[in-house]
Amino acid sequence: MAQSLELLLIQFLMPDNDARRQAEDQIKRLAKDPQVVPALVHHLRTAKTPNVRQLAAVLLRKKITGHWGKLSPQLRQLVKQSLIESITMEHSPPVRRASANVVSIIAKYAVPAGEWPDLLPFLFQCSQSPQEDHREVALILFSSLTETIGNSFQPYFTDLQSLLLKCLQDETSNRVRVAALKAVGSFLEFTHDEVEVIKFREFIPSILNVSRQCIASGDEDVAVIAFEIFDELIESPAPLLGESVKAIVQFSLEVCSSPNLEANTRHQAIQIISWLAKYKSISLKKYKLVAPILQIMCPLLAESTNRDEDDDLAPDRAAAEVIDTMALNLSKQVFPPVFEFASLSSQSANPKFREAAVTSLGVISEGCLELMKNKLEPILHIVLAALRDPEQMVRGAASFALGQFAEHLQPEIVSHYESVLPSILNALEDVSDEVKEKSYYALAAFCENMGEEILPFLDPLMGKLVGALQSSTRNLQETCMSAIGSVASAAEQAFIPYAEKVLELMQIFMVLTNDEDLRSRARATELVGIVAMSVGRARMEPILPPFIEAAISGFGLEFSELREYTHGFFSNVAELLDDGFTQYLPHVVPLAFSSCNLDDGSAVDIDDSEEDENVNAFGGVSSDDEAHDEPRVRNISVRTGVLDEKAAATQALGLFALHTKSSYAPYPSHFPLSIFILLIS
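Residues numbered from 1 in each chain as written. Predicted model: local features only at pLDDT ≥ 70, side-chain atom pairs only at ≥ 80, totals over all residues. Heavy atoms only, no water.

Per an unreviewed UniProt entry, the chain goes by the name Importin-4 and belongs to Olea europaea subsp. europaea.

Here you go:
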C-alpha cells in the first residue's frame, strides 16, 4: 500500500482537477483499511516534499480515530514514536503543526487509558528546549490538548502555569510568546476552578506586553486573543483583576481609539470596556476610570464609518453600547461628563460631533433618567436645536434622542409638551425618510403618557399622520400607525372625528397578503383594537365584524408577529364588548390555544467543519470514520417571536374568560399546559 499511496498523495497535490479527483477516490478506498495508518506515518516521516508530508499528517488526523482501536500495540507505539520524531525533528512548521494535531487526537484515547505516560513529561521537556521550534510546538500542543485531555493536566497545573508565564516572557522568540498567549487562552477556557483561575492574575502584565508587540507588528489576530482572555477573567466571579484593571482599560482604550487598526480588533477592545462596565463597574469607579473611558468613547460616537462595513463592528455603534452600559451601572459618574461633552459638541462646526452630542444624551437616558429629569430644560434646549440642524444626520439623531426621552423620562418630559410637540410636528415633514421615521417613533413614545394636553395638537397631528399613511413607504407607515395608536389612547373620545378615516385605511392594510406587507398588516390590526378602545362600544360594535373576519383570516398566513398582534386585538375587543364578545369565542379561543401549543423553536447549531489553515483542499478526503469526532455546539437560539405570540395568546385567553364569564365555561377543560408554563416562567 505504501508505494501506491505515495503516488496518490503526489497526484492529489497536482493542479489538474481530473487527476486530483481520481487520486481522492483512490485514497478514500485505501483509507478504509487500518493499514493506511502505518502507510501514512511512513510518508509523514520519509516523503521528500513538505507538502506530501503535511498531506499525510492531515489524512492521518482524519482517519486515526476510526482505526486506532484496530491497531496492534506495536503499531500504536510506532505511530506515537513517529509523531514525536516529526514534532522534534521536522524542519517544516506546517508539518510540525499537522503532526501536533494528530497527537492531540490520539492523546484523547491513549492518555486516559494509560497508554502514553511519557507524553506530558515530553511536552514539558520540549517546552524548555533551547530550540525555538520545540518550545513553540509544545505550547501549540498544550493548547490543543486542553480540548481532549484537559483533566489530565490537573496534577501539573501549578508547574504548567509557571511554564506558561515563563514562555510569555520569552526574551528571544515572539513565536513562543504568541504560542504561550494562545495556550493561556485555552487553559482559561478549560478551567473553571476559582482557585486555579485566580492564579492567572499575575499573567496580565505579560499578556499586555505580548499584545502590544503583536499590535505593533501587525499581528492583530493574535492580539485579539488577549481580549478573549480578558473576557474570561472579567466574567469570572473571582476577584481576578485588582489594580490590573487600570492597565487593561488603558490598553483597550489605546486599541479602540486607533483608526488604523482592523474594525474587529477595535470592536474587541471596546467590548472589553463594555464587559468591565457590566461586571466590574465598582472597579471602574474605585480606580477613577469612568472619566478616561468616556473621554475616548464619546468622541468615537463622531467617528465616520464606511457604510459598506459590518454595522455591528462600527466603532460609533459599539461606543454607544458602552456608554449605555456604563450609564445603567454608574449613572452618577457618567452623566456629568456626557452632559459636558454634549453641551460642547452641540456647538461644533463638525456635524458628526453635533450628531454625537445628541446621540450621547439619547443613549444615557435610560440609565441616567433621574439625573436627566432634573436637567431637562438645558438638555431639551440642545436636542430641540439639533432637530432644526441643517444636516440630516444631526436631525435624525435628535429625533432618536427625543424618542428615548419620551420612553424613559416620563412623566416629567410630558410637562414640556408645548415645546416638544411642535418640534416633532415640524420634523414629521422632514425631507429625510429616516428623520421622519424616528420622529414618528418619538411622537408615539411621547404621546403614550399624554392626556388632555394633546387636544390642541390633534388636528395638525392627525392631518400629518393620515397623510403619511396614504403616501409613505411601508416602514414609515408602520411607525406612523404606532404613533396614531398613542394619539388615540391619549385623546380617547376626542379621537372620534378621526376614527372613521383611520379605520377605513386600516381595512386596506388588513387584507394584505404579500410577505413584505405582513408586518404592516400586524400593525394595522393592533391599531384597530386601540382605536376601538378609544371611541367606545356604541360606535364600534356595529362595524367590527369585517375587522374580526380579516383578523381571523390572518392566522392562515404563517406570520408569528401578525398572530401576536391579532391576539392583542382580540383582547381589546373582548374588553370593549364584554359579554357581547361571546359570539366570537368559538372562532378565537381555538386560535389562542393553537398559539399556546406552538413549538418554541429552540435550535442547536452544530459546527462540524474541519479546519486546516494550511491545506484547505484536504477537506474533501473523508470517510464515515469521521463520525467519531465530536461536533462542537456553536450556537443555541430560541425563536423569541413565538414566545411573544404565546404570551399574547395567554393574556387574550385570560381576558376572554374575564369578560365573557360563564360563556367561557366550556373552554377551560382544553386549557393548554404551555399556558401554565408561561405563567410560572
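Picking up after the structure, the text goes on.
Is there a simple way to explain the nonpolar core in this structure?
Phe230, Met297, Phe405, Phe495 and Phe656 are the most contacted members of the largest nonpolar core, which has 230 residues in total. For Phe230, the contacting residues outside a window of four places in its chain are Ile204, Ile207, Leu208, Ile248, Phe251 and Ile272. Counting residues in hydrophobic clusters, the runner-up holds five residues, among them Leu518, Ala522, Leu562 and Tyr565. (Core = buried A, V, L, I, M, F, W, Y, C linked by side-chain atoms within 4.5 Å. Buried < 20%, exposed > 50% of the residue type's maximum accessible area, 1.4 Å probe, protein only. Contact = heavy atoms within 4.5 Å.)

Explanation requested: the confidence of the model for the chain in the structure shown.
As a general rule, the predicted coordinates of low-pLDDT regions are not to be interpreted in detail. Summing up the model confidence of the chain, the mean pLDDT is 85 and the portion of residues at 70 or higher is 89%. Counting contacts from residues 602–638, a segment whose pLDDT is below 50, to residues more than four positions away or on other chains yields 65 contacts. Within the model, the stretch residues 676–681 combines pLDDT values under 50 with five contacts to residues more than four positions away or in other chains. (pLDDT = per-residue confidence, 0-100.)

Where do I start with helix H12 (residues 204–217) in this structure?
Since one α-helical turn is 3.6 residues long, residues separated by three or four positions face the same way. Its 14 residues give H12 an end-to-end C-alpha distance of 20 Å, which sits within 8% of 20 Å, the value for a rise of 1.5 Å per residue. Listed in full, the buried residues belonging to H12 are Ile204, Ser206, Ile207, Leu208, Val210, Ser211, Cys214 and Ile215. Buried residues in H12 make contact with helix H9 (157–168), helix H10 (174–190), helix H13 (220–235), helix H14 (244–256) and helix H15 (263–279). Two residues or fewer past H12, Gly218 is found with a positive phi of approximately 90°. (Helix = DSSP H or I, 4+ residues; strand = E, 2+ residues; numbered from the N terminus. Expected span 1.5 Å × (residues − 1).)

Before we go on, may I ask you to explain unusual backbone geometry in this structure?
Glycine aside, residues mostly have negative phi, and peptide bonds are mostly found in the trans state. The step from Gln410 to Pro411 runs through a cis peptide bond, and the omega angle for that step is -5°. Relative to the assigned elements, Pro411 resides in the loop between helix H23 (392–408) and helix H24 (417–427). Backbone geometry at Lys661 places phi at a positive 50°, although glycine is not the residue there. With respect to the secondary-structure elements, Lys661 resides in the loop between helix H34 (640–660) and helix H35 (673–680).

I tried to follow the environment of Thr46 on my own but got confused; where do I start?
With respect to the helices, strands and loops of the structure, Thr46 is situated in helix H3 (residues 36–46). From its side chain, Thr46 meets the backbone oxygen of His42 in a polar contact 2.6 Å long. (Polar contact = N/O pair within 3.5 Å; in protein donor to acceptor, adjacent residues only side chain to side chain.)

Teacher, can you tell me more about the packing of H3 against helix H5 (residues 73–89) here?
Between two packed helices, what matters for the description is the angle formed by their axes and the separation of those axes. Taken N-terminus to C-terminus, the directions of H3 and H5 make an angle of 20°; their axes are 10 Å apart at the nearest point. In terms of orientation, H3 lies roughly parallel with respect to H5. The two elements H3 and H5 cross, and the hand of that crossing is left-handed. Here Val37, Pro38, Val41, Leu44 and Arg45 of H3 lie close against H5, whose contacting residues are Leu75, Val79, Ser82, Leu83, Glu85, Ser86 and Met89. Partitioned by chemical class, the residues of the contact of H3 with H5 number eight nonpolar, two polar and two charged. (Axes fitted to C-alpha atoms, helices over the stretch in contact; angles between N-to-C directions. Parallel < 35°, antiparallel > 145°, perpendicular 65-115°, else oblique. Left-handed = near helix turned anticlockwise from the far one by under 90°. Nonpolar A, V, L, I, M, F, W, Y, C, P; charged D, E, K, R; others polar.)

What exactly am I supposed to notice about the UniProt feature "repeat: HEAT" (unreviewed entry) in the chain here?
Per the UniProt record, the feature "repeat: HEAT" (unreviewed entry) sits at residues 379–417 and 420–455. Taken end to end, residues 379–417 is 67% helix and 0% strand, and its first and last C-alpha atoms sit 14 Å apart. Secondary structure across residues 420–455 comprises 64% helix and 0% strand; the distance between its end C-alpha atoms is 15 Å. (UniProt positions renumbered as here; feature names shortened; annotations may be inferred.)

Mind showing me how you'd approach the pattern of salt bridges here?
If charged atoms from side chains of opposite charge come close, those side chains can pair. Summed over the entire model, instances satisfying the criterion amount to 27 salt bridges. A salt bridge links Asp133 to Arg96, with the shortest nitrogen-to-oxygen separation between them at 3.4 Å. Taken together, the positions of Asp133 in helix H8 (residues 132–149) and Arg96 in helix H6 (residues 93–110) put the pair 37 residues apart, joining distant regions of the chain. With a relative accessible area of 2%, Arg96 lands in the buried category. As a salt-bridge pair, Lys438 and Glu434 come within 3.1 Å of each other at their nearest N and O atoms. Of the two residues, Lys438 and Glu434 both sit in helix H25 (residues 433–447), four residues apart, roughly one turn of that helix. Residue classification places Lys438 among the partly exposed residues on the basis of a relative accessible area of 26%. On the accessibility criterion, Glu434 (43% relative accessible area) is partly exposed. Residues joined in a network through salt bridges with shared partners are Arg96, Glu132, Asp133, Glu136 and Arg175. (Salt bridge = Lys/Arg side-chain N within 4 Å of Asp/Glu carboxyl O.)

Hey, could you run me through the packing of aromatic side chains in this one?
The relation between two aromatic rings is expressed through the spacing of the ring centres and the mutual angle of the planes. What the rule picks out here adds up to twelve aromatic pairs. An angle of 65° between the planes, with centres 5.4 Å apart, marks the rings of Phe124 and Phe142 as edge-to-face. Placement of the pair is Phe124 in helix H7 (residues 119–127) and Phe142 in helix H8, with a sequence separation of 18 residues. Residue classification places Phe124 among the buried positions, given a relative accessible area of 13%. Note on Phe142: relative accessible area 0%, which makes it buried. Its end group placed over the ring of Phe12, Arg20 keeps NZ or CZ at 4.9 Å from the ring centre. (Phe/Tyr/Trp six-rings, centres within 6.5 Å; stacked < 30°, edge-to-face > 60°. Lys NZ or Arg CZ within 6 Å of the ring centre and 35° of its normal.)

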